[in-house]
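# Commentary on secondary and tertiary structure
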Amino acid sequence: MDIDPTHRRVYGRAKQGAEQGRLKGQRTLHPIVATLSTQLARPVIGAVRLRRGKAADVRGAKSFVAQALAVAKDAGGTGIRMVWADSKFYTADVAAACHRAGAHFSLTTGMNPSIAAAIGRIAEDTWAPIRYPDAFLDPDTG
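Residues numbered from 1 in each chain as written. Predicted model: local features only at pLDDT ≥ 70, side-chain atom pairs only at ≥ 80, totals over all residues. Heavy atoms only, no water.

It is worth spelling out the overall build of the protein at this point. Per the secondary structure count, the protein includes 3 helices and 7 strands. Starting at the N terminus and ending at the C terminus, the protein contains elements arranged as β-β-β-β-β-α-β-α-β-α. A total of 142 residues make up the protein; the buried ones form 27% of that total. Sequence separation of 24 or more characterises 45% of the internal contacts of the protein that already satisfy a separation of 6 or more. Accessible surface, the protein as shown: approximately 10300 Å² in total, 56% of it carbon and sulfur. (Helix = DSSP H or I, 4+ residues; strand = E, 2+ residues; numbered from the N terminus. Buried < 20%, exposed > 50% of the residue type's maximum accessible area, 1.4 Å probe, protein only. Contact = heavy atoms within 4.5 Å. Areas by Shrake-Rupley, 256 points an atom, 1.4 Å probe, with all protein chains shown as cover.)

What follows deals with the pattern of salt bridges. As a working rule, side chains carrying opposite charge can pair if their charged atoms are close by. Applying the stated criterion across every chain, the model contains 1 salt bridge. The salt bridge involving Lys 88 is made with Asp 86; its shortest N-O contact spans 3.7 Å. (Salt bridge = Lys/Arg side-chain N within 4 Å of Asp/Glu carboxyl O.)

Judged from the 4 bridges that link them, strand E6 (residues 82–85) and strand E7 (residues 104–107) form a sheet pairing that is parallel. Residue pairing in the sheet places Met 82 in a bridge with His 104 of E7. Read as a crossover between parallel neighbours, the route from E6 over helix H2 (residues 92–100) to E7 is right-handed. (Pairing = 2+ DSSP bridges. Right-handed = clockwise from strand over helix to strand, strands pointing away.)

These figures capture arrangement, not role.
As structure tokens, this is what we get:
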């Protein structure tokens, strides 16, 4: 499951939920979306929640993640459930929601001095390469 916020510009004053948000002078909708996928199925939208235009991306993320994981389970998802989210969702509440649902998670974090120090303490021989089996190779860099 991949959790992402998005901003979509809309036109006209009658759009319910649209207001001026982070894109200055533009009326936008500001949904948060959970995309579900498996090794055998194309991604589908499992959950979506519309938020106010000026809402922080993480607002309501704890309950949204719990809801999206329940949807995945109700849709027949079995085995290991994995949640990916970017640094906007790097909070203890989101991690706790994943843990309560029995899901694994990978939350990106922003760089700060304590993160840089922790990375610096990792020995060079403990890093593991990531293999992307269907990746497109850059002809200039390989």
